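# Tertiary structure, described
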Amino acid sequence: MRVGRRDFLRLAGIGVLAGPLARAGLSAPNGGEGEDHMAYELPPLPYAYDALEPHYDEETVRLHHDKHHAAYVAGLNAAEEQVQKMLAAGDFAGAKAACKALAFHGSGHLLHSIFWTNMKPGGGGAPSGALAAAIEKQFGSFEAFKGLFLSAANSVEGSGWGVLACCPMTKTLVVLQAEKHENFAVWGLVPILVLDVWEHAYYLKYQNRRPDWTKTFLESLVNWGDVAERYAAVGK
Ligand code: MN3
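Residues numbered from 1 in each chain as written. Predicted model: local features only at pLDDT ≥ 70, side-chain atom pairs only at ≥ 80, totals over all residues. Heavy atoms only, no water.

### Some details on the packing of helix H3 (residues 58-89) against helix H4 (residues 95-117)
- Viewed as axis vectors pointing N to C, H3 and H4 meet at an angle of 145°, and their least axial separation amounts to 8 Å. In this structure, the crossing between H3 and H4 has a hand that is left-handed.
- The residue makeup of the contact of H3 with H4, split by class, is 15 nonpolar, 11 polar and 1 charged. (Axes fitted to C-alpha atoms, helices over the stretch in contact; angles between N-to-C directions. Helix = DSSP H or I, 4+ residues; strand = E, 2+ residues; numbered from the N terminus. Left-handed = near helix turned anticlockwise from the far one by under 90°. Nonpolar A, V, L, I, M, F, W, Y, C, P; charged D, E, K, R; others polar.)

### Quick word on helix H8 (residues 210-221)
- Where H8 is concerned, the buried positions are Arg-210, Trp-213, Thr-214, Thr-216, Phe-217, Leu-218, Ser-220 and Leu-221.
- Structurally, H8 contributes buried residues whose contacts are with H4, helix H6 (142-154), strand E3 (190-196), helix H7 (203-206) and helix H9 (224-233). (Buried < 20%, exposed > 50% of the residue type's maximum accessible area, 1.4 Å probe, protein only. Contact = heavy atoms within 4.5 Å.)

### Concerning the sheet that holds E3
- Taken together, 3 strands build an open sheet; the order of strands is E2-E1-E3 and the sheet is antiparallel. With partners counted over all chains shown, the strands left at the sheet margins are strand E2 (173-179) and E3, one partner each. Between one strand axis and the next, the sheet turns through 25° on average, direction left out of account.
- Direction of pairing for strand E1 (residues 160-166) relative to E2: antiparallel, over a ladder of 7 bridges. Its bridge partner being in E2, Gly-160 is matched across the sheet by Glu-179. (Pairing = 2+ DSSP bridges.)

On their own, these measurements won't tell you what the molecule is for.
So this is what it looks like as structure tokens:
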């Protein structure tokens, strides 16, 4: 089965955390839709490369999407191929490396796919409706949430992400850090707002000033409508 853009956006976009990995061949090798080729594809940006200027510069967006995100898609496909080769050969000596690569590249692909749609030109402001109420209930206030989220993102050791995730059973919101793409994840929680703090995400424009990047992300780029849509879909 070929996992095209729409499928992946449906899976990643609505935040079914297990979706992409299941699609990567762990549970459904060779698919069930009459095709024998499975491949992930890089979803196109939902806006022009320069649409987030001046807060997020065109050059960074172009490299970040076309090179970095694309590399995770390629890495995920390669890892999946490795799994298929092991299954065909009946030789599982490479399982450790393949599983590790699958987690790294699969998580990278998932988080970037959410990240792009978490932003929009003229973003920022504050959430409204059920999401705003949930944030207030969980964190005390939107301001307190911002403080926690920014501090978590700013203090990621090395490369990683600031993450707002939601529990499908209780709808509880949780702020997490991710190192690389996959470390410190909590099984089952669904990411609804993700902030890339790898240096490739901001260094051309913000250099060593990670806190300037993360503050700008929250104040001028976040698409709260997208985050609210993801929140509403969690657990459904
Ligand atoms: Mn990145």
